[in-house]
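# Summary of the model geometry
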Amino acid sequence: MRYPPRSSPHSLSAIAVVAVLAAAVALAAATAFAPAAAARQADVGGPAIQTDPGAFGATASISAWADEADALIEAALADSAAWERLAYLTDTFGPRFSGSKNLERAIDWILEEMKADGLENVRAEPVMVPRWVRGREELMLLEPHERRLDILGLGGSIGTGPGGLVGDVLVVGSFDELAERADEARGKIVLWNVPFTSYGSTVVYRSQGAIRAAEAGAVASLVRSVTPSSMYTPHTGNSAYDENVPRIPHAAITMEDAMMMQRMQDRGQTIRIRLQMEDYWLPDAESANVVGELVGTEFPDEVVVLGGHIDSWDVGTGAMDDAGGCVAAWEALRLMKDLGLRPRRTVRVVMWTNEENGMRGGNAYRDAHRDELHNHILAMESDAGVFKPQGFGFTGSDAAFDIISQIGKLLDPIESGTIRRGGGGADIGPIMDEGVPGMGLNVDGTRYFWYHHTKADYVDKLDPHHVGLSVATMAVMAFVVADLPQRLPR
Ligand SMILES: [Zn+2]
């Protein structure tokens, strides 16, 4: 194992923390935090933080929550429970593609575990999801030498028909280059050999490649995997068709093979391949968003939502994308419960379904909760892997940004309190569009796209300590926002 789980040297002190906290909470309740606030200033680290009186109520200082924050951080780092839970989930149920039995078995298990944890209002909210099935896929290089190359069909691709198709490859490096060479593309297989710059700017060749190649008369489309690094690993992902353009098969090849074909073309060599894909669609299937809560003491109808997406691609085990985000949010809520920290508002964990190839879960959540979106105080998503957390990207008003930045100070001890402008997540996008402030967990992204949507997305790529830090970061932010005397302003 690359990252052995840490032992738990803090198990005794965790019990002590609970006792201290119980006393602290009792004191706080008796004093409405005010006198305690000054005494706690020293705990926060760095300069004392003052802000607009009112934002934090009578305390006028975020340091009033320093004890709760420290307790959540200590509990999250005391053992490797979150990593173990993530390992169990991904090892036991495997990849959780929309429409698969694996996904529904994982959801059923999570519901049972959440109830066993003592979380409240645990439920499955039904969602119908699309069902694309990867059949047998094979790419044979025929010239200049004969060899089978690894591929992964891109989500939603049509198949080639049983006989497959044979054609010559035209390698291009951009949409512009294909436009210039459009007369060469007819009847060929276009390969988009686009080096990774950022995910956003490179992924358009995966999502739009089949449309643009078909517009130029190509019979199939291949894309260099969207990744900065490769050990001969193809990366899948979703792709689109346009109803006004013929549908052609669309698959990812490895970085290595894309660069090889580029070299072959540059030498003037003919590149001939046979592509066979037996991918197909089935009718929509039943799935669900998973929900669990800790109901608020003072404003139970006001909700702070945090979560990730429980579905994954059909390859690997979706540990980074996005079981890690789901488990981090889940563990954040469990720690609040176990420590007896119940905030003024409700904290709700949501694990959305079908993010990867349909976004049905995020849209269904918005529709099911439309009447209470005005009481959604904040939505938080982790969907970039639970690597070492750095902070959050926040989308909301200036007034809210200031408060979120102050809360970030509570995370300075674990270096995860940097709040940047802009951020959110695919699953919370639909409710952010309705005005709910949103934030995404920012992590060290160095390695995420090495494994993203590949057979290598396993839990061994994640460090138990980093997973714990991600739990702590989400827990502190969610708890304090939920416990502010006044709602986070919009
Ligand atoms: Zn994801």
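What counts, and at which threshold
- Residues numbered from 1 in each chain as written.
- Predicted model: local features only at pLDDT ≥ 70, side-chain atom pairs only at ≥ 80, totals over all residues.
- Helix = DSSP H or I, 4+ residues; strand = E, 2+ residues; numbered from the N terminus.
- Contact = placed C-beta atoms within 7 Å.
- pLDDT = per-residue confidence, 0-100.
- Core = buried A, V, L, I, M, F, W, Y, C linked by C-beta atoms within 7 Å.
- Buried ≥ 20, exposed ≤ 12 C-beta atoms within 10 Å, placed from the backbone.
- Pairing = 2+ DSSP bridges.
- Axes fitted to C-alpha atoms, helices over the stretch in contact; angles between N-to-C directions.
- Parallel < 35°, antiparallel > 145°, perpendicular 65-115°, else oblique.
- Nonpolar A, V, L, I, M, F, W, Y, C, P; charged D, E, K, R; others polar.
- Expected span 1.5 Å × (residues − 1).

In this section: the overall build of the protein. In terms of helices and strands, the protein carries 16 helices and 16 strands. Taking the intrachain contacts of the protein between residues at least 6 apart in sequence as the baseline, contacts between residues at least 24 apart amount to 82%.

Here the focus is the confidence of the model for the protein. The predicted model of the protein has a mean per-residue pLDDT of 91, with 88% of residues at 70 or higher. Here helix α2 (residues 34-44) is the element of the protein with the lowest mean pLDDT, 36, and strand β12 (residues 345-352) is the one with the highest, 99. The model gives residues 1-51 a pLDDT under 50, and that stretch makes 80 contacts with residues more than four places away or in other chains.

Residues L72, A332, M474, A475, V476, A478 and V481 are the most contacted members of the largest nonpolar core, which totals 102 residues. Take this core: its biggest share by element is 13 residues, from helix α16 (residues 464-483). Those residues in contact with V476 that sit more than four places away from it in its chain are A69, L72, I73, L410 and L411. Judged by nonpolar contacts, the second largest core, of 35 residues, contains L139, A252, I271 and M277.

Let us now look at the pairing of strand β5 (residues 165-172). The sheet contact formed by β5 and strand β9 (residues 272-277) spans four bridges and is antiparallel. Paired with V166 across the bridge in β9 is R274. Pairing analysis gives four bridges linking β5 to strand β6 (residues 189-192), with the strands arranged parallel. For V171, the partnering residue across the bridge sits in β6 and is L191.

What follows is about the packing of helix α4 (residues 81-93) against α16. Two numbers describe a pair of packed helices, the interaxial angle and the distance between the axes. Their axes nearest at 7 Å, the elements α4 and α16 cross at an angle of 105°. With respect to α16, the axis of α4 lies roughly perpendicular. Taken together, the residues of α16 that come into contact with α4 (itself represented by A82, W83 and L86) are P464, V467, G468 and V471. The residue inventory of the contact of α4 with α16, partitioned by class, reads six nonpolar, one polar and no charged.

This paragraph deals with the environment of P144. Residue placement: P144 occurs in the loop between β2 (137-143) and β3 (147-149). In this structure, the C-alpha to C-alpha distance between P144 and I271, residues 127 residues apart in sequence, is 6.2 Å. Beyond its immediate stretch of four places on either side in the chain, P144 contacts M264, Q269 and T270.

Let's shift gears to the sheet that holds strand β13 (residues 376-381). Read across the sheet, eight strands follow the order β1-β10-β12-β11-β13-β16-β14-β15 without closing on themselves; strand pairing throughout is mixed. Strands at the two margins of the open sheet, each flanked by one partner only, are β1 (120-133) and β15 (418-421). The mean angle between the axes of side-by-side strands here comes to 25°, regardless of whether they run parallel or antiparallel. Direction of pairing for strand β11 (residues 299-309) relative to β12: parallel, over a ladder of eight bridges.

Time to look at the environment of F299. With respect to the secondary-structure elements, F299 resides in strand β11. Judged by C-beta crowding, with 17 C-beta atoms within 10 Å, F299 ranks as partly exposed. In this structure the C-alpha to C-alpha distance between F299 and T346, which are 47 residues apart in sequence, comes to 7.2 Å. When residues no more than four places from it in sequence are discounted, the contact partners of F299 are R344 and R345.

Turning our eyes to something else, we now look at helix α9 (residues 204-215). Side chains three or four residues apart in an α-helix point the same way, a direct result of the helix having 3.6 residues per turn. With twelve residues, α9 should cover 16 Å at 1.5 Å per step; its first-to-last C-alpha distance of 16 Å lies within 8% of that length. Buried within α9 we find Y205, R206, G209, A210, R212, A213 and A214. Among the structural elements, α6 (175-180), α7 (182-185), β6, α8 (199-202), β7 (220-224) and β8 (250-253) are those in contact with the buried residues of α9. Trailing α9 by a residue or two, G217 shows a phi angle of about 90°, which is positive.

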